[in-house]
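# Per-entry structural report
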Amino acid sequence: MGEQKSCDLLVIGSGAAGFSAAVTAAHGGLKVILLEKASVLGGTSACSGGWMWAPRNPLAVRDGIVEKTDAPRRYLEQVLGNNFDASIVDAFLTAAPEMVGFYEQQTALQFESGSHIPDTYSDLAGAGQGGRSLIAAAFDGRALGSDIALLRRPLPETSFMGMTIQAGKDLRAFMTMTRSMRAFCYATKRFLRHLYDLARHGRGMQLRNGNALIARLIASARAAGVEMLTDMTVTELVQDGDRVIGARIAGKQGTTKITARCGVVLATGGAPHDGLRLAPLSHGGTPPRTLATSYSTGGGAALAESVGAVFDTSLASASAYCPVSEVPQPDGTTTLFPHIIERGKPGIIGVLQNGKRFCNEGDGYHDYVTAMLAATPDDEEPQSWLICTHAFQRRYGLGISRPSPLPVGPYVRSGYLKSGRTLRELAGACGIDLAGLTATIAAYNAAAHQGEDPMFGRGGTVYNRLQGDPSHAPNPCVAPIETGPFYAVRVVAGSFGTFAGIKVNGQAQALRVDNTVIDGLYVVGADMASVMGGHYPAGGINLGPAMTFGFIAGRHAAKGG
């Protein structure tokens, strides 16, 4: 029969959503068990940028950003269009500031405000010009004690030797360290401390981004008495009639049946590695390469479906897209690098194989990929090339090749970057149509000398300008591409995870096809169908709803379901 355990609430998955549900429920008086399939905690959340979209949060109010109650809703109505679900959106917008207030006041999770970060479509009515985003405050990993061994490490591609660098002042210091003595001193101090931590602890301890978020949630869960178990695989949900009352799990010590009085929360990270499920929803039947951990295989969706839940595929996009480049590794494999930072800087464009631009490169990462997919026939692989000069790469970097003073040569020799002294050489190295590229560059440069982009209006929104270089005039997002040598990096469709997921109501309860509730089953994070309906209205719209619906589920369970 195996071992028997019992609790009030069983949470399956240890990303931001799972931890949020567990910590909230534990503070509500419930005995909580949290399970993780991997040997470490945090899932994809631990490797993420860590930003959360939570309109009208307490930090924004303290920063003096007070907006009309209905402004975020009006903004989402415009962006989501036919995918706007009032009941889910309203539940999110109501609970998001409550979630932030709860964590600030009662847990180890503290935040920093993104008071300068606008929404992606910042020119729309109701769009936020700052204050709707926030991020976990930096955290000293030593405060976790032995629990630091449970924290998933950041991705090598998006950290520097394992050191996490946070967007904003932290990143700016590293980007400008060769041009500012203050930035140089700051970056040097950070890096020397990191080297000490590597020697002393075997890993970085100056935690930022998603790593800081999960570290603070681990500390919060430990303080609240949450039992955290790793290396656990859920084999099936247990029901009493139509109610979910627990699960059967398999671990290193054998099988266990866990009975959960108040139900089960599924937070397993979505289905980005479930090729069979995503293929019919993807361009040409090929799902995007994903940055999500290899454990996000759709297990949560399969468990939910086994008890009657419905997987919602009606969203505008099944995946949360981002452009990625494939980084060659010494063993012949490739890893992925997400292109978030450099696309909006002045002096870079993205072109297709025909040499033509296809979008405003400074727009959101999801928009870059959707435009690339729309411009690519179904029988062709979606790909584009980001093209810049040597001077641009030295100042801003290109993909995983960092700016000066780090060397660029290794990335050219590995084939990650293509190079050419002339556009002809570059086009030949990339297989780009030379006539198309030459005409594109000529047209772009003619307007770029005046700081203009008549084709796509780059630099025309607050969001665009934030992605640019404020020291470059007259347009922080536009500069000519003239003097070689030139570099290019191949970009393909990638994702942070899935938008498509299990349909839920405003209490994060799983729904059947007839919209009736499956009693005792909550679904949160990437396992639930995104509140954003397959759109990407702002940075942080994955983690913000994940934390919020985790909070909603934990609170609902603690109040008796």
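To be clear, the structure that these remarks concern was listed above.
Being a predicted model, the structure only gives us computed values, none of them experimental.

Here the distance between the centres and the angle between the planes together describe a pair of aromatic rings. In this structure the tally under the stated criterion is 11 aromatic pairs. Their ring planes at 85 degrees and their centres at 5.1 Å tell us that Tyr365 and Tyr536 sit as a pair that is edge-to-face. Taken together, the residues span a long stretch of sequence, with Tyr365 in helix H10 (residues 365-374) and Tyr536 in the loop between strand E24 (517-523) and helix H16 (543-558) at a distance of 171 residues. By the ring-pair criterion, three or more aromatic residues cluster together here, those being Tyr365, Phe496, Phe499 and Tyr536. In this arrangement the basic side chain of Arg277 is found over the ring face of Phe311, its NZ or CZ atom lying 4.4 Å from the centre.

Attention now goes to the pairing of strand E21 (residues 486-498). Burial analysis of E21 places 11 of its 13 residues in the buried class, which makes it a mostly covered element. Bridge count between strand E14 (residues 289-290) and E21: two bridges; the pairing is parallel. Counterpart to Arg289 in the pairing with E21 is Gly494. Pairing analysis gives six bridges linking strand E16 (residues 319-328) to E21, with the strands arranged antiparallel. Note on E21: the bridge partner recorded for Pro323 is Ala493. Examined bridge by bridge, strand E20 (residues 417-420) and E21 share four bridges and lie antiparallel to one another. In the sheet register, Gly420 faces E21, and the bridge partner there is Phe486.

In this section: the nonpolar core. Counting residues in hydrophobic clusters, the biggest one holds 115 residues, and the most contacted among them are Leu10, Leu521 and Phe549. Beyond its immediate chain neighbours, meaning those up to four positions away, Leu521 contacts Leu237, Val244, Val264, Leu266, Ala304, Val307, Ala508, Gln509 and Ala510. Grouped together as the second largest cluster of nonpolar side chains are 25 residues, Tyr321, Phe392, Val408 and Ala493 included.

Moving on, we come to the pattern of salt bridges. Scanning the entire structure with this criterion turns up 28 salt bridges. Between Asp119 and Arg132 there is a salt bridge, with the nearest N and O atoms lying 2.6 Å from each other. One end of the pair, Asp119, is in the loop between strand E5 (111-114) and strand E6 (133-136); the other, Arg132, is in the loop between E5 and E6, with 13 residues separating them in the sequence. With respect to class, Asp119 is no different from Arg132; both count as buried. Note that Asp197 and Arg193 form a salt bridge whose closest N and O atoms lie 2.9 Å from each other. One end of the pair is Asp197 and the other is Arg193, both in helix H6 (residues 181-201) and four residues apart, which spans about a single turn. Since its relative accessible area comes to 0%, Asp197 is described here as buried. Through salt bridges with shared partners, one network takes in Asp140, Arg142, Arg193 and Asp197.

The next point concerns the sheet that holds strand E3 (residues 32-35). Taken in spatial order, the six strands line up as E9-E3-E2-E13-E24-E23 in an open sheet, and their pairing is mixed. Bordering the open sheet on either side are strand E9 (227-229) and strand E23 (509-511), each of which pairs with just one other strand. Neighbour-to-neighbour, the strand axes of the sheet open up by a mean angle of 30 degrees, direction not taken into account. Examined bridge by bridge, strand E2 (residues 9-12) and strand E13 (residues 264-266) share three bridges and lie parallel to one another. Counterpart to Leu10 in the pairing with E13 is Val264.

Attention now moves to a nonpolar patch on the surface. A contiguous nonpolar patch, built from Met161, Leu192 and Leu195 and spanning about 280 Å² of accessible area, is present on the exposed surface. Topologically, Leu192 is positioned in helix H6. Taking the relative accessible area as the measure of exposure, Leu192 reaches 52% and is therefore exposed.

About the criteria used
- Residues numbered from 1 in each chain as written.
- Predicted model: local features only at pLDDT ≥ 70, side-chain atom pairs only at ≥ 80, totals over all residues.
- Heavy atoms only, no water.
- Phe/Tyr/Trp six-rings, centres within 6.5 Å; stacked < 30°, edge-to-face > 60°.
- Helix = DSSP H or I, 4+ residues; strand = E, 2+ residues; numbered from the N terminus.
- Lys NZ or Arg CZ within 6 Å of the ring centre and 35° of its normal.
- Buried < 20%, exposed > 50% of the residue type's maximum accessible area, 1.4 Å probe, protein only.
- Pairing = 2+ DSSP bridges.
- Core = buried A, V, L, I, M, F, W, Y, C linked by side-chain atoms within 4.5 Å.
- Contact = heavy atoms within 4.5 Å.
- Salt bridge = Lys/Arg side-chain N within 4 Å of Asp/Glu carboxyl O.
- Axes fitted to C-alpha atoms, helices over the stretch in contact; angles between N-to-C directions.
- Patch = residues over 30% accessible without salt bridge, like charges linked within 9 Å, V, L, I, M, F, W, Y side chains within 5 Å.
- Areas by Shrake-Rupley, 256 points an atom, 1.4 Å probe, with all protein chains shown as cover.

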